[in-house]
Amino acid sequence: MSLETIAVVGSSLAGLRAIEALRREGYGGRIVAIGEEPVMPYDRPPLSKQFLKGEWDAEKIALRHDVGDDEGIEWWLGRKAEALDAKAKRLTLDAGETLDFDGLVIATGARARAFPGAPDLDGCFLLRNLADAEALRTALDDASRVAVIGAGFIGMEVAATCRERGLEVSVVEFLETPLVRGLGTKLGEYVAGVFRGHGVDLRCGVGVEGFLGDGRVSGLALADGSQIEADVVVVGIGVTPNTEWLEGSGLEIDNGVVCDETCAAAQDIVAAGDVARWLDPRSGVHTRVEHWTNAVEQSVHAAKRLLHGPEAGPFVHVPYVWSDQFELRIQIAGEVRDGDEMEVGLGSLEEGRCLVAFGREGKLTGAVGIKRARQLNEFRDLIGEDTSWDDAVAKLRGD
Ligand SMILES: Cc1cc2nc3c(=O)[nH]c(=O)nc-3n(C[C@H](O)[C@H](O)[C@H](O)COP(=O)(O)OP(=O)(O)OC[C@H]3O[C@@H](n4cnc5c(N)ncnc54)[C@H](O)[C@@H]3O)c2cc1C
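Residues numbered from 1 in each chain as written. Predicted model: local features only at pLDDT ≥ 70, side-chain atom pairs only at ≥ 80, totals over all residues.

**Student:** When you look at the overall build of the chain in this model, what are you seeing that I'm missing?
**Tutor:** Broken down by element type, the chain carries 8 helices and 27 strands. In terms of overall dimensions, the chain is globule-like: its C-alpha atoms have a radius of gyration of 22 Å, near the 21 Å expected for 399 residues. Referenced to the eigenvectors of the C-alpha coordinate spread, the extents of the chain come out at roughly 60 × 60 × 35 Å. Each of the 399 residues in the chain was classed as buried or not, and the buried ones make up 43%. Contacts in the chain between residues far apart in sequence, at least 24 positions, make up 61% of those at least 6 positions apart. (Helix = DSSP H or I, 4+ residues; strand = E, 2+ residues; numbered from the N terminus. Rg over C-alpha atoms; globule rule 2.2 N^0.38 Å. Buried ≥ 20, exposed ≤ 12 C-beta atoms within 10 Å, placed from the backbone. Contact = placed C-beta atoms within 7 Å.)

Below, the structure written as C-alpha cells:
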C-alpha cells in the first residue's frame, strides 16, 4: 500500500529524525509534522547546561529552521493532537479539525512531573522545554539561593549549572545516593563527593515535607525537620509520557505507547523516543528509554518500519546517555545495577578520568566513562556483542 500522507505527532527530536529518515529512505509523499510547541525542533540537553548558564541562545540549539518550501514537509506548529482513531487513521487536532493519514509516527515524548501537592508559588520551576528554560534562566538572574528537588540527571545538571553561575545551591534527594538509578551506589557516591567539593549542599535520604513562602517561594521544609532557604526551587523528579491524547485510540497505552520489537504500535502506526515502550529484543521486556540517543536511533528505525513493514526487523539498542556536571562528562552505556561486578580501568576515579565496566551473570552489561568517550563507545559495542565479563575485564586491563 502506498502512503500518501504521513503524519508525525510531536515535532521534537524523535519526530524530526523520523522525518529526515523518511526522506532518506526515498519517501516523497506528504509529511505533516504536528507539534504543540510553537517553535521549530530544538535540542533539549543544553537547556540544563549551556543555555541555562547563558552561554548559548535559542538560535544555537535549533535542530532545524523552517525554510518555507521544506521538501514538502508541512510544519503545523503550536498545534496539539487531541485524539487518534487508529482504525480509521484519523487525527483530531485542538481546533477540532481532522487529518486523515496513511502512516503515523507518534513522537510526543514526555513532560516533567510536578511535585505532588506543591502549592502554586512564584519561583518554582519545572524544566522540560525552551519556555521553561527561558523562565528559569531569567529567574536565576535575580536569585542568590537555589534548591533543587531530585538528584537525577536533570536535577544534578541544574544544580551544577546554578553553582557555576555563582549561586548557593542545595539538592534534596529522597534516596540515599544521587544518580543511583543511572550509576549505582558507588559511582553515585563519587559524584556526590565532586558536588560537595564544589560547595553544593547535597542532602540525601530525606524527603521534602513542604514548600515555604506566601505567593513566592522562600524555601523548603524537609522531613527531618530542617529547612532550606531558597528564592528559586527547581523540581526534577522525573517525567511522564505524553499519552493522554491517545486514550480511546485503540492503541495499547501502559506507561507509554506499547509497541512490538519493530516499534509498531498498530497497522501503519509506529512510535519512537521518550513516549515509546517497545519490546526490547535484548531483554525481552517492554522498555521506555528517556535519552537523546534512543530518540534518534529509534525514530530512524520506526521510519523504516513504517515504509518497509516488518522486514525492517527488530529495533536493537544498547542504551547510551551522557551528562555534563561540573568538570565531569559522564557517559553510560548499557545498564548499571547495584550488586553488579565492577572493574575500574584506563585511569581512576581519583584522577577524574577512567572507564568503569559492570557485569552480571558472566556478561558485560554496562559501562561508565568519565572523560573516556572513545573507549566508552567501544564498550557500548562490546555490550551489544554480548561480550563475556572475563573478556571485558581483560580488554579494560589491556591484556
Ligand atoms: C533539560 C533536559 C536535559 C537533557 N539532557 C540530556 C542529556 O544530557 N543526555 C541525554 O541523553 N538526554 C538528555 N535529555 C533527554 C532528551 O532530551 C530526550 O530524551 C529527548 O528530547 C526525547 O525526544 P522526543 O522527541 O522523544 O521527546 P520530546 O523531546 O519530549 O518531544 C516531544 C514533543 O512532542 C510535543 N507534544 C506532546 N504532546 C503532543 C500532542 N498531543 N500534539 C502535538 N505535540 C505534542 C511536545 O510538546 C514536544 O515538543 C534531556 C532532557 C531535558 C528536558
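Moving on, there is more to tell.
**Student:** Looking at this structure, I do not really get the site of the ligand. What am I missing?
**Tutor:** Contacts to the ligand come from 35 residues, most closely from G10, S12, A14, G109 and G273. At the level of secondary structure, the elements contributing two or more residues to the shell around the ligand comprise α1 (13-24), β2 (30-35), α6 (292-308) and β23 (320-325). Residues that form the shell around the ligand fall into these classes: 16 nonpolar, 12 polar and 7 charged. Counting residues domain by domain, the shell around the ligand receives three or more from each of domain 1 (5-110 + 240-312) and domain 2 (114-235). (Near = placed C-beta within 6 Å. Nonpolar A, V, L, I, M, F, W, Y, C, P; charged D, E, K, R; others polar. Domains from an automatic or database assignment.)

**Student:** I tried to follow helix α5 (residues 180-197) on my own but got confused; where do I start?
**Tutor:** An α-helix turns once per 3.6 residues; consequently, residues spaced three or four apart project the same way. Between its terminal C-alpha atoms α5 stretches only 19 Å, short of the 26 Å expected from 18 residues at 1.5 Å a residue. Its axis deflected by about 90° at K186, α5 carries its strongest bend there. If you check which residues of α5 are buried, you get V180, G182, L183, G184, L187, G188, Y190, V191, A192 and F195. Of the surrounding secondary structure, the elements contacted by the buried residues of α5 are α4 (153-164), β12 (201-204), β23, β24 (328-334), β26 (353-360) and β27 (363-370). G199 sits one or two residues past α5 and shows a positive phi near 90°. (Expected span 1.5 Å × (residues − 1). Bend = angle between axes of the 7 residues up to and from the residue.)

**Student:** I keep staring at the sheet that holds strand β11 (residues 168-173) and nothing clicks. Help me out?
**Tutor:** In a beta sheet, neighbouring strands are held together by backbone hydrogen bonds and run either parallel or antiparallel to one another. Strand order across the open sheet formed by 5 strands is β9-β16-β10-β11-β12, with parallel pairing between neighbours. The open sheet is flanked by β9 (124-125) and β12, the only strands paired with a single partner. (Pairing = 2+ DSSP bridges.)

**Student:** When you look at the nonpolar core in this model, what are you seeing that I'm missing?
**Tutor:** Grouped burial of nonpolar side chains is what soluble globular proteins tend to show. Residues A159, V233, V234 and A367 are the most contacted members of the largest nonpolar core, which totals 65 residues. The residues touching A367, leaving out its near neighbours within four places in the chain, are A333, G334, L355, V356, A357, F358, L376, F379, R380 and I383. (Core = buried A, V, L, I, M, F, W, Y, C linked by C-beta atoms within 7 Å.)

**Student:** Explain the pairing of β12 to me, please; I cannot follow it from the model alone.
**Tutor:** Every regular strand shows the same layout, with side chains that alternate between the two sheet faces. Alignment of β11 against β12, held across 4 bridges, turns out to be parallel. Residue pairing in the sheet places E173 in a bridge with C204 of β12. Crossover connection from β11 via α5 to parallel β12: handedness right-handed. (Right-handed = clockwise from strand over helix to strand, strands pointing away.)

**Student:** Help me understand the pairing of β27 in this model?
**Tutor:** For β27, the buried fraction is high: 7 of the 8 residues fall into the buried class. Of the strand pairs in this sheet, β24 and β27 are connected by 5 bridges, and their pairing is antiparallel. In the sheet register, I332 faces β27, and the bridge partner there is V368. In terms of strand pairing, β26 meets β27 through 7 bridges, oriented antiparallel. Residue pairing across strands places C354 opposite I370, the latter belonging to β27. In textbook terms, the turn of a hairpin is the stretch between consecutive antiparallel strands, and for β26 and β27 this stretch comprises 2 residues, one of which, E361, has a positive phi near 50°.

**Student:** Would you mind going over the domain arrangement of the chain with me for this structure?
**Tutor:** By the assigned domains, the chain splits into domain 1 (5-110 + 240-312), domain 2 (114-235) and domain 3 (327-397). Taking only C-alpha atoms into account, the centre of domain 1 sits 30 Å from that of domain 2. Taken together, the contact between domain 1 and domain 2 spans 11 residues of the former and 12 residues of the latter.

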